[in-house]
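# Topology and contacts: notes
Here is how the chains run, residue by residue.
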Amino acid sequence: MALMPKRVKHRKSQRGRIKGNATRGNTVAFGEWGLQSLDPGHITAQTIEACRIAATQYVRGEGKLYIRIFPQKSVTSRPLETRMGKGKGEPDHWVAVIKPGTVLFELAGVSHEAAKRCFARVAHKLPVNVKLIERRPSI
């Protein structure tokens, strides 16, 4: 089963607009290298899982992958060939809401070249533009 929350407060949420930049989760916290979003958007649970598989197959146990996003917003859809009216559809899939500046994935224990190649594979699967960032030394 794909990533999804155990419980939600409201069954069906409205779409809303993605405004502003990320103020939380915008720095590398767990690893040495991070993949930071440049655009706003939604990333589905299936896409996150595909990125996880691509990254773990590349590092093959020599590094550690951290996933910093979680799909917690439901997206509803109506059955095909249904007439207008009759309310909103049932939850179809789950997405993570991404603001510009959000760190999506992190890698620890790998070199710069390995992180660059690994994140190039991951970026190919993502619907938003991303860039590789390095952890800043703490003062």
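Scoring rules and cut-offs
- Residues numbered from 1 in each chain as written.
- Predicted model: local features only at pLDDT ≥ 70, side-chain atom pairs only at ≥ 80, totals over all residues.
- Heavy atoms only, no water.
- Helix = DSSP H or I, 4+ residues; strand = E, 2+ residues; numbered from the N terminus.
- Buried < 20%, exposed > 50% of the residue type's maximum accessible area, 1.4 Å probe, protein only.
- Contact = heavy atoms within 4.5 Å.
- Lys, Arg positive; Asp, Glu negative; His and termini not counted.
- Charge placed at Lys NZ, Arg CZ, Asp CG, Glu CD.
- pLDDT = per-residue confidence, 0-100.
- 1 Å grid on protein atoms, 1.4 Å probe; cavity = no way out; pocket = protein on both sides within 12 Å on 5 of 7 lines; lining within 4 Å.
- Points joined across faces, edges and corners; volume = space filled by probe spheres on them.
- Nonpolar A, V, L, I, M, F, W, Y, C, P; charged D, E, K, R; others polar.

## Considerations on the overall build of the chain
Helix and strand content of the chain: 2 helices and 7 strands. Seen through its principal axes, the chain has C-alpha atoms that stretch 55 × 30 × 25 Å. The burial tally for the chain puts 34% of its 139 residues in the buried class. By sequence separation, contacts in the chain at least 24 residues apart represent 80% of the contacts at least 6 residues apart. Side-chain charges in the chain split into 26 positive and 10 negative, and the spacing between the mean points of these groups amounts to 9 Å.

## Observations concerning the confidence of the model for the chain
Per-residue confidence for the chain gives a mean pLDDT of 92; residues scoring 70 or more make up 98%. When pLDDT is averaged over each element of the chain, strand β1 (residues 33–37) comes out on top at 97 and strand β4 (residues 73–77) at the bottom at 91.

## A short note on the layout of surface pockets
Put simply, the largest pocket is a space of about 400 Å³. Lining the largest pocket we find 16 residues, and of these R24, I69, Q72, V97 and T102 sit closest to its centre. Looking at which element gives the most residues to the lining of the largest pocket, the answer is strand β5 (residues 90–98), with 3 residues. Class assignment of the residues belonging to the lining of the largest pocket gives a composition of 7 nonpolar, 5 polar and 4 charged. Volume-wise, the second largest pocket comes out at about 160 Å³. Forming the boundary of the second largest pocket are N26, T27, V28, Q36, I133, E134, R135 and R136. In terms of residue class, the lining of the second largest pocket is made up of 2 nonpolar, 3 polar and 3 charged.

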